[in-house]
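Chains, contacts and geometry: an overview
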Amino acid sequence: MICATPQTIESDLLNGRYDLEDVSLLVFDECHHAVGSYAYVYLGQRYVKTAKNHLILGLTASPGSNKDKIRQICENLFIEDVVVKNEDDVDVKPYFNPIEIDWVKVNMSKELEKIKNHINKALRHRLKMLKNLNVISTISVNKIDILKARGKVQNRIARATNPPKECYQAISILSAVINLQHALELLETQGVSTFNKYVSRIRKKNTKAAKGLLIDADFSQAILLSEQAEKNGWEHPKLKKLMEILKEELNIVDIKQSKLIESTDQENNLSKTNNSSKDNNSYKNNSSSNMNKNKRIIVFTQFRDTLEMIQKKCEKEGINSVKFYGQGSRDGEKGLTQTEQKNIIKSFKIGTYDVLISTSVAEEGIDIPSVDLVVLYEPVPSEVRMIQRRGRTGRKNTGNMKVLIAKGTRDEGYYWASLNKEKQMKKHLIDKDSLKNLNKNSFNKSKHEINSKIIGRKAEIGVILDDDGISINNNHNNYNGNINNINSDFDNNYDNYNNFNNSSKIIKNDINNNTQNNNILVYADSREGNSNVLRALDTINVNVRIKSMAAGDYQISDDIAIERKTAKDFIDSIVDKRLYKQAKLMKEEFKKPILILEGDDIYSGFLSPDAIRGSIASIAIDFGISIIPTRNPEDTAAMIKRIAIREQNQNNNPIQIRTERKPTELWEQQLFIIESLPNVGPVTAKKLLEKFSTVQAVIDASISELKEIDGIGSKTAENIRKVLDSKYLSFKDNDKDKKLL
């Protein structure tokens, strides 16, 4: 039995280290993730296609409220039946503990209301401008409405060769509206500290929308009031309520309160004073240690800025807490490493900390012990996330969850949204009509995958010749299970096409060669690990090896490397100026660099179409890089395979992977050579060259001379001489890529 993350299994499958042929059962925990590009989708398809006797079990407490999403999960994992279990079932009841949920409502302070009013004025002004431009029909809109409106304007820009100026004006206003809506949400649900940090990030932006906001009279007044509120310590009422909840749960008594009790007792009775003093000293000890060893609490919040704010407040109030967040970096602040995350969880388990303050990263997938209380700093509109957070308590005993809600804010909207979605989810799961024909659909899809397994090993692309010429057909049913029919049809009809040029002959030869051997090999950069392209390449029987590459995303041969960019990534790389650096590196490292531009929505972003066209022209003309458009990841995979077939059929030499950039300067090349010696790093290499002046002198140095260098001992010196003096012995590759099973 193997227990592993889906990404680990996926990586082993793609690298040929493992095979699912003899696996009799595949269990997907938290199977609601089996949508989109998540690894579960690929693993389900690969398993059904390759296993002799496949059986899949999916487990989840929160499949979602959307009926179509539930059906999609079932289809992606070939689920033929859904079994719903609840707390009343006899086989569940012994393991179920009830969870008490308390919705704690607080009122917005007057200071926050003033700031909110100024932001609303700035927001309404811009919404009226959008209405006058006919971008929206009413100013009563939410975030989803604005995003849809932005999409429509972007599509208008994409379709037009020379878009009207009003489109760019609308895009700028829409950006400002999105910023204002988010700023308002932070103020209402998080507090002035989080709001001020967001404003500081807006100040760093160099866009027209950001500059316009900062000079807006109402928004500027909101910023001024917010900064004053933070200086005066006027935080969100939810923060005060949170501290009260934590202290009550942990039995922490304020030192001020303890002194007041002590003083009162002294005035009443001298004899009681001594006893009271002992009792209060014990309270003080509890306050100084700031913990109750028997209690564990998790506080969830959406934003890392709020996480920081809560943790600082806990320290100030004498509550023993620790921050827990993801591995991603943001605004120069590094995320936690995996080791740091493990150490924090371990410390929380053994009681070093009483309170774990976490972002959504602790909702699932991490081994966190059952806790006595879960506190949500704000409600979340997702029923899935609400259920996952609730599931952190009530595992051993009766659980408790408290949700903080600011009255009259979007907190209330999110509260009702999560409740309604959870009701919808339960309704869909018990409604037989909702999942009608599920068994039949999964059976048909499973049958298709098994058929494609048999056919796919022989050919992935059907070539059918008719009176109109060559057509490419991806429907495996046209093969009739026999690749010989395809080749036979091709040969019988080929004489009728005397006007075909040489490229048609090459296509025929490529297809025939590929059907005869499936040894097409493509190296992929490790950063492409979560890409659908890798899965698509594996599906069409391309051998993929994942390596760390200095340039490009895919390498086909010593001469050809491919940089793949989706439309969004291409636009982002223009803005942050990565594009030209990557193009220069590709040109330096490879004779035939290729850029694959994936997607049809390249002109639908904020960037001017002329700026995008200029970048494409520069890549092609200034850098001499070929640009190939593709529609989607599957199309990209098919194109990469086609390039690999043409290149590798002509050249059978092993591919030399560029794991790091070749040095260009003379001093870099000298260091590069010396660093290749055993146990010699950059520092030692520099010392050797400074001592001996030239590379040749280092090579000629004796063991005793090498030992004079700080950092080189007898063993290292002997190993260096052994490498330099030993005769070269050639060994054949002993099949390094052996499968685990």
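Heads up: the structure comes first, above all this text.
So, a few notes on the structure that sits alongside this text. (Residues numbered from 1 in each chain as written. Predicted model: local features only at pLDDT ≥ 70, side-chain atom pairs only at ≥ 80, totals over all residues. Heavy atoms only, no water.)

1. Observations concerning the sheet that holds strand 15 (residues 592-598)
For clarity, the threshold we go by: Here, a strand pair is defined by DSSP locating no fewer than two bridges between the strands. Runs of H or I in DSSP of at least four residues are treated as helices and runs of E of at least two as strands, each being numbered from the N terminus.
Within the open sheet, the 6 strands sit side by side as 12-11-13-14-15-16. Their pairing is mixed. Both edges of this open sheet fall to strand 12 (543-547) and strand 16 (626-630), since each of them pairs with a single strand only. Pairing of strand 11 (residues 521-525) with strand 13 (residues 554-555), which is carried by 2 bridges, proceeds in the antiparallel orientation. Bridged to Ala524 within strand 13 is Tyr554.

2. Focus: the sheet that holds strand 4 (residues 297-300)
How we decide: Lines fitted to the C-alpha atoms define the axes, with helices restricted to the stretch that makes contact. Angles between their N-to-C directions range from 0 to 180 degrees. In what follows, a contact means two residues having at least one pair of non-hydrogen atoms within 4.5 Å.
The strand order across the open sheet formed by 6 strands is 3-8-7-4-6-5, and the pairing between neighbours is parallel. Each end of this open sheet is capped by a strand with a single partner; those strands are strand 3 (99-106) and strand 5 (321-324). Strand-to-strand twist in this sheet, taken as the mean axis angle between neighbours without regard to direction, amounts to 20°. As paired strands, strand 7 (residues 373-376) and strand 8 (residues 399-406) are joined by 3 bridges and run parallel to one another. Among the inter-strand pairings, Val374 is bridged to a residue of strand 8, identified as Met401. Here helix 14 (residues 338-350) sits on the sheet in contact with strand 4, strand 5 and strand 6 (355-358), set at roughly 150° to strand 5.

3. Description of the packing of helix 25 (residues 666-675) against helix 26 (residues 682-692)
Counted only if it meets this: Each angle is binned into one of four classes, with values under 35 degrees roughly parallel, values over 145 roughly antiparallel, values of 65 to 115 roughly perpendicular, and all other values oblique. Should the near helix be turned counterclockwise from the far one by less than a right angle, the crossing is left-handed, whereas a clockwise turn marks it as right-handed. Note that Gly is not counted as nonpolar here; it falls among the polar residues with everything else outside the nonpolar set of Ala, Val, Leu, Ile, Met, Phe, Trp, Tyr, Cys and Pro and the charged set of Asp, Glu, Lys and Arg.
Two numbers describe how helix 25 lies on helix 26: the axes approach to 9 Å, and their chain directions differ by 110°. Classified by the angle between their axes, helix 25 and helix 26 sit roughly perpendicular to one another. Here the hand of the crossing between helix 25 and helix 26 comes out right-handed. Across the interface between the two elements, Gln670, Leu671, Ile674 and Glu675 of helix 25 pack against Pro682, Ala685, Lys686, Leu688 and Leu689 of helix 26. Split by residue class, the contact of helix 25 with helix 26 holds 6 nonpolar, 1 polar and 2 charged.

4. Section: helix 26
The line we're drawing: Relative accessibility thresholds used throughout: buried, under 20% of the residue-type maximum; exposed, over 50%; partly exposed, between the two (1.4 Å probe, protein chains only). Note: the arc covers the axis-to-C-beta directions of the helix.
Every buried residue of helix 26 is accounted for by Thr684, Ala685, Leu688, Leu689 and Phe692. Projected down its long axis, helix 26 carries its buried residues within an arc of 135°, all on one side. Opposite the buried face of helix 26, by more than 90 degrees, sit the exposed residues Pro682, Val683 and Glu690. Tucked into the core, helix 26 has its buried residues touching helix 25, helix 27 (695-700) and helix 28 (703-707).

5. Overview of the state of the cysteines
Throughout this description, disulfide means a covalent bond between two cysteine sulfur atoms. Just so we agree on the cut-off: Sulfur atoms of two cysteines make up a disulfide when they are within 2.5 Å.
Per the stated rule, a full pass over the model turns up 0 disulfides. A disulfide-free cysteine, Cys74 has its sulfur positioned 7.6 Å from the sulfur of Cys31, the nearest such atom.

6. Notes on the pattern of salt bridges
Rule in force here: Counted as salt bridges are all cases of a side-chain nitrogen of Lys or Arg within 4 Å of a carboxyl oxygen of Asp or Glu.
Going through the model one piece at a time under the given rule, you end up with 34 salt bridges. The closest approach of N and O atoms between Asp710 and Lys687, which form a salt bridge, is 3.4 Å. In this pair, Asp710 is assigned in the loop between helix 28 and helix 29 (714-725) and Lys687 in helix 26, connecting sequence segments 23 residues apart. Each of Glu563, Lys565, Asp569, Asp576 and Arg578 takes part in a single network of salt bridges with overlapping partners.

7. Here's the deal with the nonpolar core
Spelled out, the test is: By nonpolar core is meant a set of buried Ala, Val, Leu, Ile, Met, Phe, Trp, Tyr and Cys residues that side-chain atoms within 4.5 Å join together.
Within the largest apolar cluster, 44 residues are counted, with the highest numbers of intra-cluster contacts made by Leu77, Tyr554 and Ile640. Each residue touching Ile640, except ones within four places of it in the same chain, is listed here: Val522, Val533, Leu537, Tyr554, Ile556, Ile562 and Ile596. Counting residues in each nonpolar core, the second largest holds 42 residues, with Leu239, Ile252, Phe348 and Ile368 among its members.

8. Overview of a nonpolar patch on the surface
Rules: Surface patches are drawn from residues lacking salt bridges whose relative accessible area is over 30%; two like charges belong together within 9 Å, two nonpolar side chains (Val, Leu, Ile, Met, Phe, Trp, Tyr) within 5 Å. Residue burial considers only the protein chains on display, and all accessible areas are found by Shrake-Rupley using a 1.4 Å probe.
Residues Leu25, Val27, Leu55, Leu57 and Leu59 make up a contiguous nonpolar surface patch of roughly 420 Å² in combined accessible area. Here Leu55 lies in the loop between helix 2 (39-50) and strand 2 (56-59).

9. Thoughts on the packing of aromatic side chains
The geometry of an aromatic ring pair is captured by the separation of the ring centres together with the interplanar angle, meaning the angle of the planes. In plain terms, the rule: Think of it this way: a Phe, Tyr or Trp ring, Trp meaning its six-membered ring, pairs with another when their centres are within 6.5 Å, and the plane angle makes it stacked under 30 degrees, edge-to-face over 60, tilted otherwise.
Tallying each qualifying case throughout the model produces 6 aromatic pairs. With a centroid separation of 4.8 Å and an interplanar angle of 70°, the aromatic rings of Phe28 and Tyr40 are classed as edge-to-face. In this pair, Phe28 sits in strand 1 (residues 26-29) while Tyr40 sits in helix 2, placing the two residues 12 residues apart along the sequence. Like Tyr40, Phe28 is buried. Ring centres of Tyr580 and Phe623 lie 6.3 Å apart, and the angle between their planes is 20°; on these two criteria the pair is classed as stacked. Here Tyr580, found in helix 22 (residues 578-589), pairs with Phe623, found in the loop between helix 23 (609-621) and strand 16; they are 43 residues apart in sequence, far enough to count as distant.

10. Quick word on the side chain of Arg46
The line we're drawing: We call two N or O atoms a polar contact when they sit within 3.5 Å, provided that within protein one can donate a hydrogen and the other can accept it, with sequence-adjacent residues counted only if both atoms are side-chain atoms.
By the element assignment, Arg46 lies in helix 2. A polar contact of 2.5 Å, which involves the side chain of Arg46, links it to the side chain of Asp538. Look past the residues within four positions of Arg46 in its chain and what remains in contact with it is Leu13, Leu20 and Asp538.

11. Observations concerning helix 6 (residues 165-189)
Note the threshold: The span expected for a helix works out to 1.5 Å for each residue beyond the first.
Between its first and last C-alpha atoms helix 6 spans 37 Å; for 25 residues at 1.5 Å apiece the expected length is 36 Å, and the two agree. When you tally the buried positions in helix 6, you get 19 out of 25 residues, the bulk of the element. A positive phi of about 135° marks Gly191, the residue just after helix 6.

12. Here's the deal with the packing of helix 5 (residues 143-159) against helix 6
The interhelical angle for the contact between helix 5 and helix 6, taken along N-to-C directions, is 160°, at an axis separation of 10 Å. Here helix 5 is positioned roughly antiparallel relative to helix 6, judged by the angle of their axes. Crossing hand, helix 5 versus helix 6: left-handed. Contacts from Lys143, Ile146, Leu147, Ala149, Arg150, Val153, Gln154, Arg156 and Ile157 in helix 5 reach Cys167, Tyr168, Ala170, Ile171, Leu174, Val177, Ile178, Gln181 and Glu185 in helix 6. Across the contact of helix 5 with helix 6, the residue classes break down as 12 nonpolar, 2 polar and 4 charged.

13. Brief notes about unusual backbone geometry
Here the phi dihedral of Asn541 falls at roughly 65°; this positive angle occurs in a residue that is not glycine. Along the polypeptide, Asn541 turns up in the loop between helix 20 (532-539) and strand 12. Overall, the relative accessible area of 10% leaves Asn541 in the buried class. Positioned with a positive phi, Ser693 is a non-glycine residue whose angle comes to about 75°. Of note, Ser693 is situated in the loop between helix 26 and helix 27.

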